[in-house]
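Structural features, examined
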2 protein chains.
Amino acid sequence: QDKLENKSPLVNENLKKCLNTRDGRLVAGLIVDFLQVFNLDFSLAVFQPETNSASLNSVDSREVVCRDLGLSESEVNRKCPLLLELVTRGRHKASEEPSQKRITLA
Amino acid sequence: QDKLENKSPLVNENLKKCLNTRDGRLVAGLIVDFLQVFNLDFSLAVFQPETNSASLNSVDSREVVCRDLGLSESEVNRKCPLLLELVTRGRHKASEEPSQKRITLA
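Below: a short report on this structure. Source: prediction; values computed, not measured.

This part is about the pattern of salt bridges. It is possible for side chains of opposite charge to pair when their charged atoms get near one another. The final tally for this structure, using the stated rule, is six salt bridges over all chains. Glu-85 of chain A is paired through a salt bridge with Arg-89 of chain A; the nearest N and O atoms lie 2.7 Å apart. In this pair, Glu-85 of chain A and Arg-89 of chain A are both assigned in helix α6 (residues 82-95), four residues apart and thus about one turn of the helix distant. Between Arg-22 of chain B and Asp-68 of chain B there is a salt bridge; the shortest N-O distance is 3.2 Å. Of the two residues, Arg-22 of chain B is situated in helix α3 (residues 22-37) and Asp-68 of chain B in helix α5 (residues 62-69); the sequence distance between them amounts to 46 residues. By relative accessible area, Arg-22 of chain B is classed as partly exposed at 47%.

Pasting the structure below:
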């Protein structure tokens with residue numbers, strides 16, 4: 001029995017390495033934010049323990065993520081995941097159209 | 001019994017709306033890619049049904065996500081989630097000088 005328990009370390013080394021970087025935590029924070037905004041409670045209930053991201057320090061909160069991305073929280077609709085905002089901006093910047101149409105995700 | 005079944009539509013309208021947009025699918029694709037790269041099988045097993053993203057058309061594959069982001073697949077390490085790559089590039093762009101280096105978003 002003990003053997004079996006010791007067999008798999010159950011530590012996701014790559015993920016751990018990732019979450020030890022600032023960008024990695026930011027990414028995890030973006031995912032958690034997405035799950036929260038859309039009330040994906042089951043996914044969240046699995047994601048947090050599986051990534052160990054429920055612990056306070058490992059994942060950035062929306063507030064921190066906002067700051068790190070240079071977004072002001074008031075600027076982003078609370079019903080819009082930051083990740084979506086990021087991709088949308090990135091894409092508009094990429095396609096170079098000075099996008100007047102701000103997405104109105106109400 | 002029937003009443004109970006009919007009570008909650010179990011349709012996440014906001015999410016559905018989001019996944020009906022190109023950027024929304026892209027975001028979901030980025031999350032799925034993250035979960036796959038780090039072998040977060042449990043999260044994936046919940047995320048896909050909860051978002052209905054297991055169906056072929058609703059979420060972009062890594063290949064499509066790459067293309068949409070203007071990343072060449074060969075350019076991104078398969079062990080690196082695209083989302084991490086995106087954030088890292090975005091941050092470097094943001095923090096550094098008015099980047100002559102256009103991220104090669106083709």
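The relation between the two chain copies is a rotation about an axis coupled with a shift along that axis. Aligned on chain B, chain A shows an RMSD of 0.0 Å; the corresponding rotation is 180 degrees and the shift along the axis is 0.0 Å. Taken together, the rotation angle and the small translation identify this as a two-fold axis. Within chain A, Ser-43 of chain A has its C-alpha nearest the rotation axis, a separation of 3.0 Å. Mapped onto chain B, 91% of the interface residues of chain A again fall at the interface, so both copies present the same surface.

Let us now look at the packing of aromatic side chains. The geometry of an aromatic ring pair is captured by two quantities: the separation of the ring centres and the angle between the planes. Per the counting criterion, the structure on display carries four aromatic pairs over all chains. Judged by centre distance (6.4 Å) and plane angle (50 degrees), the ring pair of Phe-47 of chain A and Phe-34 of chain B falls under tilted. Here Phe-34 of chain B lies in helix α3 and Phe-47 of chain A lies in helix α4 (residues 41-51), a pairing that spans two chains. Across the pair, exposure class does not vary: Phe-47 of chain A and Phe-34 of chain B are buried alike. Aromatic side chains Phe-34 of chain B and Phe-38 of chain B sit 5.0 Å apart centroid to centroid with 75 degrees between the ring planes, which places their arrangement in the edge-to-face category. On the basis of relative accessible area, Phe-38 of chain B is assigned to the buried category, the value being 2%.

Glancing now at the packing of helix α3 (residues 22-37) of chain A against α4 of chain A. Residues and elements named next belong to chain A. For the pair α3 and α4, interaxial distance at closest approach is 9 Å and the crossing angle is 155 degrees. Judged by the inter-axis angle, α3 sits roughly antiparallel to α4. Remark: the crossing between α3 and α4 carries left-handed chirality. Each of Ala-28, Ile-31, Val-32, Leu-35 and Gln-36 in α3 lies in contact with α4, whose residues at this interface are Ser-43, Leu-44, Phe-47 and Gln-48. Here the residues of the contact of α3 with α4 sort into six nonpolar, three polar and no charged.

By a frequent convention, interface size equals the accessible area lost on bringing the separate parts together. Contacts between the two partners involve 34 residues from chain A, matched on the other side by 33 residues from chain B. Summed over both partners, the interface of chain A with chain B buries about 3000 Å², with 67% contributed by carbon and sulfur atoms. The three residues of chain A that bury the most area against chain B are Phe-38, Glu-50 and Arg-91 of chain A, which together make up 20% of that side's buried surface. Contributing elements (two or more residues each) for the side of chain A that touches chain B: α2 (13-19), α3, α4 and α6 of chain A. Among the residues forming the side of chain A that touches chain B, the class breakdown is 18 nonpolar, eight polar and eight charged.

Here is what the cut-offs are and how they apply
Within each chain, residue numbers correspond to sequence positions counted from 1 in written order. All chains are assigned letters beginning at A, and all ligands numbers beginning at 1, according to the order in which they are written. For this predicted model, a pLDDT threshold of at least 70 governs which residues receive local features, and a threshold of 80 or more governs which side-chain atom pairs are given and counted, while totals over whole chains, interfaces and linings are taken from all residues. To get the side-chain values, take all heavy atoms of the structure and skip hydrogens and water. The term salt bridge refers to a pairing of a side-chain nitrogen on Lys or Arg with a carboxyl oxygen on Asp or Glu at a separation within 4 Å. By definition, any uninterrupted DSSP run of H or I lasting at least four residues is a helix, any uninterrupted run of E lasting at least two residues is a strand, and each is numbered from the N terminus. Any residue under 20% of the maximum accessible area for its type is buried, any over 50% is exposed, and the rest in between are partly exposed; the area is computed with a 1.4 Å probe on protein chains only. Superposing copies: least-squares fit, C-alpha atoms only, residues required to have pLDDT of at least 70 in both. Residue contacts are defined here by distance: any two heavy atoms, one from each residue, within 4.5 Å place the two residues in contact. Working definition: a ring pair exists when centres of Phe, Tyr or Trp rings (six-membered ring for Trp) sit within 6.5 Å. Plane angles under 30 degrees give stacked, over 60 give edge-to-face, the rest tilted. For helices, the fitted axis covers only the stretch in contact; all axes are lines through C-alpha atoms, and the angles between them, taken along N-to-C directions, range from 0 to 180 degrees. Angle categories: roughly parallel below 35 degrees, roughly antiparallel above 145, roughly perpendicular from 65 to 115, and oblique for all the rest. Crossing handedness is defined as follows: a turn of the near helix away from the far one that is anticlockwise and smaller than a right angle gives a left-handed crossing, while the clockwise case is right-handed. Each residue is assigned to one of three groups, with Ala, Val, Leu, Ile, Met, Phe, Trp, Tyr, Cys and Pro labelled nonpolar, Asp, Glu, Lys and Arg labelled charged, and all others, Gly among them, labelled polar. Buried surface area refers to the total accessible area, computed with a probe of radius 1.4 Å, that the two partners give up upon joining, counted for both partners together.

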